[in-house]
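The primary structure of each chain is shown beneath.
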Amino acid sequence: MNTYKILTTKLLAVAAMTLIPLTAAQAIQHFGLGASTPLQIGDLPSSGLRSKLEQLPAKAQGKALTALRKLAFTDNDIRYMQVDKNGGVYFVDSFLPPPAPASALANADTQIPLISSADAFSLHSKKGAKNIIYLDFNGMDITGTAWNGSVTTYKALPYDVDGSPTTFSPTELNNIADIWHRISEDYMPFNVDVTTKEPKTFGPTVGRILITKNVDKNGVAMPYSTAGGVAYVGVWAASNYSYYSPALVYYNNLGGGWPPYVAEASSHEMGHNLGLSHDGTSTVGYYAGLGTGAVSWGPIMGVGYYTNVTQWSKGEYPDANQKQDDMAIIASNLKYRADDHGKTLATATPLVVDTAGTIAATNPETDPHDANTANKGVIGKLNDIDMFSFFAGAGPLTITVNPAWDAFYHDNHRGANLDIKATLYSWDGTVVKTVDPLNETNAVISATVPAGQYYLSIKGVGNSVTPYSTYDSLGRYFIRGTVTP
């Protein structure tokens, strides 16, 4: 049994024991967005959320109800929802992952290059985009925000896994780069810059994810310090967005700061800022996923800690408690990025092939600022196809197309979004070979061909074994290989 299958089988078993109560499924109650009539406080079941709403002044009640009516949520979400004294609604994500798996730590990629401090704090996924998601690893003073109820100022600490909070070690810098790449991959289809460089200004379209410790510099507990993360919901693009920011992620509650856990929690919390609630089932608030090995799948707005494919969802998994269309909601805030490659033979992008017949591509491990753009791209929308052209001499060729996990430092726990189908065509559009493995998310084409011009198409697909659909099979890919010159 391969490493991926062993790891995900064990973790999903833990998730099943932790998350799924041994009770019969009850009828799911839906509230807010999509309900037949506007939500009223009396429609909610008896809960802490309802009690707090009932105690609010009329103006704050109205504000809270307006926010809740824009949110698709169920009775299983309510236990994780809170409302502040002014009517702001937020999620407290109290479910925590187990310690970082020993097997995963033991098998971590030890061949990764060391990233410099300058590079680690200047990473961009789409430099120049108006929408920005800033990943803050430096700590900050939180004052004058919705979080400052009883504490005037939180002295939030920087990301620190070696006990030295004033400096960033090589391991911490690499962790920061890995966390950035994983989060940027989740938001890759959208017109947003996920960056580790602090923006000059913050406003309605600039979000901040603060990755910090659950106690501040003075030993004061941060808001909901026992959670993995906490964030206000539906506040993106609000004129006072900065008041409801940052989204908080407590790295020390997430496997001691293990990058795969921290990244999944961070994407999840920003999802709340963008207006998303949880992906659960009729019995649990967070769905932990299904499948095994490299094609194990989990929803980002459920629990993405246990699986190698994590995606935005619209409730296509078994016993889904709602059909919230994550992609549509995110796109309503961020829009989609422009397509980068044509989808027909006539609009194909030439692959860069050197005189020896080598097809090479850099990734963020060795090219953190994407200086070399050759032989790579983004599947950005459902049904997007990227077409490439190249010439080959008579003889063998091998072309490998890897998703974003190609550059994830902790590659024993992937968490990428894209599952690739690759097709090789001859000059006239005749299919030479199609590859879409059911036990992997990359594609490797090997063939012996006559001399001529060829085309390579790349698209995102689902998996019929796990199963998952093509819905969010999107993200970056890298093309490498050899052809006969």
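Nothing here was measured: the structure is a model prediction, and the numbers come from that model. (Residues numbered from 1 in each chain as written. Predicted model: local features only at pLDDT ≥ 70, side-chain atom pairs only at ≥ 80, totals over all residues. Heavy atoms only, no water.)

> Before we move on, can you summarise the environment of Gly 271 with the specific residues and values?
You can see Gly 271 is positioned in helix H7 (residues 259-273). Each C-alpha atom, one on Gly 271 and one on Met 140, is 22 Å from the other, the two residues being 131 residues apart in sequence. (Helix = DSSP H or I, 4+ residues; strand = E, 2+ residues; numbered from the N terminus.)

> Which residues make up the pattern of salt bridges, and what values do they have?
Going through the model one piece at a time under the given rule, you end up with nine salt bridges. For Lys 155, the salt bridge goes to Asp 141, with nearest N and O atoms at 3.1 Å. Of this pair, Lys 155 sits in strand S7 (residues 153-156) while Asp 141 is found in strand S6 (residues 140-143), placing the two residues 14 residues apart along the sequence. Lys 155 gets classed as partly exposed once you look at its relative accessible area, which sits at 32%. Note on Asp 141: relative accessible area 42%, which makes it partly exposed. (Salt bridge = Lys/Arg side-chain N within 4 Å of Asp/Glu carboxyl O. Buried < 20%, exposed > 50% of the residue type's maximum accessible area, 1.4 Å probe, protein only.)

> Could you give an account of the sheet that holds strand S10 (residues 229-232), naming the residues involved and the relevant values?
Hydrogen bonds between backbone atoms are what pair the strands of a sheet, whose relative direction is either parallel or antiparallel. The strand order across the open sheet built from seven strands is S3-S4-S10-S11-S9-S5-S8, with neighbouring strands paired in mixed fashion. Either end of the sheet is taken by a strand with one partner, and the two such strands are strand S3 (81-83) and strand S8 (192-195). Here the strands of the sheet are splayed against their neighbours by 15° on average, with no regard to which way each runs. The pairing of strand S4 (residues 89-93) with S10 spans four bridges and is antiparallel. If you follow Phe 91 over to S10, its bridge partner there is Ala 231. Strands strand S5 (131-136), S8 and strand S9 (206-212) of the sheet are contacted by helix H6 (residues 170-186), whose axis makes an angle of about 165° with S8. (Pairing = 2+ DSSP bridges. Axes fitted to C-alpha atoms, helices over the stretch in contact; angles between N-to-C directions. Contact = heavy atoms within 4.5 Å.)

> An account of the sheet that holds strand S20 (residues 431-435) is needed here, citing residue identities and associated values.
If you trace the five strands from one edge of the open sheet to the other, you get S14-S17-S22-S19-S20, paired in mixed fashion. Of all strands in the sheet, those bounded by a partner on one side alone are strand S14 (349-350) and S20. Pairing geometry for S14 and strand S17 (residues 385-392), over two bridges, is parallel. Bridge pairing in S17 links Pro 350 to Ser 389.

> Describe the packing of aromatic side chains, naming the residues involved and giving the relevant values.
Where two aromatic rings form a pair, the distance of their centres and the angle of their planes describe that pair. The full count for this structure, using the stated rule, is 24 aromatic pairs. For the ring pair Tyr 90 and Tyr 232, a centre distance of 4.9 Å and an interplane angle of 50° mean the geometry is tilted. Of this pair, Tyr 90 sits in strand S4 while Tyr 232 is found in strand S10, placing the two residues 142 residues apart along the sequence. Like Tyr 232, Tyr 90 is buried. The interplanar angle of 80° and the centroid separation of 4.9 Å between the aromatic rings of Tyr 243 and Tyr 244 together place this pair among those described as edge-to-face. An aromatic cluster is present here, built from Tyr 80, Phe 95, Trp 258, Tyr 261, Tyr 286, Tyr 305 and Tyr 306 joined pairwise through their rings. A cation over an aromatic ring shows up here: Arg 414 above the ring of Trp 405, its NZ or CZ 3.7 Å from the ring centre. (Phe/Tyr/Trp six-rings, centres within 6.5 Å; stacked < 30°, edge-to-face > 60°. Lys NZ or Arg CZ within 6 Å of the ring centre and 35° of its normal.)

> Give a description of the side chain of Ser 245 that names residues and reports values.
Checked against the element boundaries, Ser 245 lands in the loop between S10 and strand S11 (247-250). Those residues in contact with Ser 245 that sit more than four places away from it in its chain are Thr 145, Trp 147 and Arg 208.

> I'd like a description of H7, backed by residues and values.
Taking 1.5 Å of rise per residue, the 15 residues of H7 would be expected to cover 21 Å, and the 21 Å separating its terminal C-alpha atoms lies within 8% of that figure. Here H7 lies mainly inside the structure; 15 of its 15 residues are buried. One or two residues past the end of H7 sits Gly 275, with phi positive at roughly 110°. (Expected span 1.5 Å × (residues − 1).)

> Account for the nonpolar core, naming residues and giving values.
Within the largest apolar cluster, 113 residues are counted, with the highest numbers of intra-cluster contacts made by Tyr 187, Trp 312, Phe 390, Leu 456 and Ile 479. Looking at this core element by element, the count peaks at six residues for H6. Excluding residues within four positions of it along the chain, Leu 456 makes contact with Asp 386, Met 387, Phe 388, Phe 390, Ile 399, Val 401, Ala 422, Thr 423, Ile 445 and Ile 479. Membership of the second largest hydrophobic core comes to eight residues, among which are Leu 290, Tyr 317, Ala 320 and Tyr 468. (Core = buried A, V, L, I, M, F, W, Y, C linked by side-chain atoms within 4.5 Å.)

> Please set out the pairing of strand S19 (residues 420-426) residue by residue, giving values where relevant.
Across the seven residues of S19, six count as buried, placing the element largely inside the fold. Strand direction decides the pairing type here: S19 and S20, joined by four bridges, are antiparallel. For Thr 423, the partnering residue across the bridge sits in S20 and is Thr 434. Counted along the chain from S19 to the antiparallel partner S20, the turn is four residues long, and its residue Gly 429 has a positive phi close to 90°.

> Report on the environment of Asn 321, specifying residues and quantitative values.
Relative to the assigned elements, Asn 321 resides in the loop between strand S13 (309-311) and helix H8 (326-334). Overall, Asn 321 belongs to the buried group, its relative accessible area being 1%. When near neighbours in sequence (up to four residues on either side) are disregarded, Asn 321 contacts Ile 28, His 30, Thr 74, Asn 76, His 278, Asp 279, Gly 280, Thr 281, Ser 282 and Val 284. Side chain to side chain, Asn 321 and Thr 74 meet in a polar contact 3.3 Å long. (Polar contact = N/O pair within 3.5 Å; in protein donor to acceptor, adjacent residues only side chain to side chain.)

> Would you mind going over the packing of H6 against H7 in detail, with residue names and values included?
Following both chains from N to C, one finds H6 and H7 inclined at 40°, their axes separated by 9 Å at the closest point. Considering the angle they form, H6 stands oblique to H7. As H6 runs across H7, the sense of the crossing is right-handed. Residues Asn 175, Asp 178, Ile 179, Arg 182, Ile 183 and Asp 186 of H6 form the contact with H7, whose participating residues are Pro 259, Pro 260, Val 262, Ala 263, Ser 266 and Ser 267. (Parallel < 35°, antiparallel > 145°, perpendicular 65-115°, else oblique. Left-handed = near helix turned anticlockwise from the far one by under 90°.)

> Can you break down H6 residue by residue, with the values?
Taking 1.5 Å of rise per residue, the 17 residues of H6 would be expected to cover 24 Å, and the 25 Å separating its terminal C-alpha atoms lies within 8% of that figure. Buried residues dominate H6, accounting for 15 of its 17 residues.

> So what about the pairing of S4? Which residues, and what values?
With respect to burial, S4 is a largely interior element, five of its five residues being buried. Here S4 shows no split at all, with Val 89, Phe 91 and Asp 93 on one side and Tyr 90 and Val 92 on the other all buried. Between S3 and S4, which pair antiparallel one after the other, the connecting turn spans five residues, and Gly 87 there sits at a positive phi close to 95°.

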